[in-house]
Amino acid sequence: AFYMCRTLELRQPQVQYNNLTHEQKVQRSRETITWLKVRNHGLPMHIICSNTNTILDQLRTLIITNNNIDQTLLQTDELGMTPLHVLCLNPKATPAMFKILAKACPQA
């Protein structure tokens, strides 16, 4: 999903990957995985949309209880992704989930 991601490439130091030792490559991979996991910190809608265990009721509840739903659904993470983008990457997302997001904020 992140192949050729310009934001992710910019995050990496401009060092030739082939010149790194095995240990350095492993460390860089761990750092990137950690960064990808925490990039949605403070963005509850992104977290819900990325969670493969999310069910429609959880998504609906978060939308109903959020007073600034338009703003929340238009927020972007460090990769420039909105909750709808994140939901598109979720292999367990259902058409009903996309529909509820689109209904809550058509601009998203």
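Below you will find a few notes about this structure.

1. Details of the overall build of the protein chain
Scanning the protein chain from N- to C-terminus turns up 7 helices and 0 strands. Here the protein chain holds 108 residues, and the buried ones make up 31% of them. Sequence-distant contacts in the protein chain: of pairs separated by 6 or more residues, those separated by 24 or more amount to 63%. If you sum the accessible surface of the protein chain, you get close to 7,400 Å²; carbon and sulfur atoms cover 55% of it.

2. With respect to the nonpolar core
Among the nonpolar cores identified, the biggest contains 16 residues, and Met45, Cys49, Leu59, Ile63, Leu73, Leu87 and Leu101 are the most heavily contacted of them. Those elements giving two or more residues to this core turn out to be helix H3 (44–50), helix H4 (56–65), helix H5 (69–74), helix H6 (83–89) and helix H7 (95–104). It is H7 that provides the largest number of residues to this core, a total of 3 residues.

The rules behind the values
- Residues numbered from 1 in each chain as written.
- Predicted model: local features only at pLDDT ≥ 70, side-chain atom pairs only at ≥ 80, totals over all residues.
- Heavy atoms only, no water.
- Helix = DSSP H or I, 4+ residues; strand = E, 2+ residues; numbered from the N terminus.
- Buried < 20%, exposed > 50% of the residue type's maximum accessible area, 1.4 Å probe, protein only.
- Contact = heavy atoms within 4.5 Å.
- Areas by Shrake-Rupley, 256 points an atom, 1.4 Å probe, with all protein chains shown as cover.
- Core = buried A, V, L, I, M, F, W, Y, C linked by side-chain atoms within 4.5 Å.

Function cannot be inferred from these measures alone, as they are strictly geometric.
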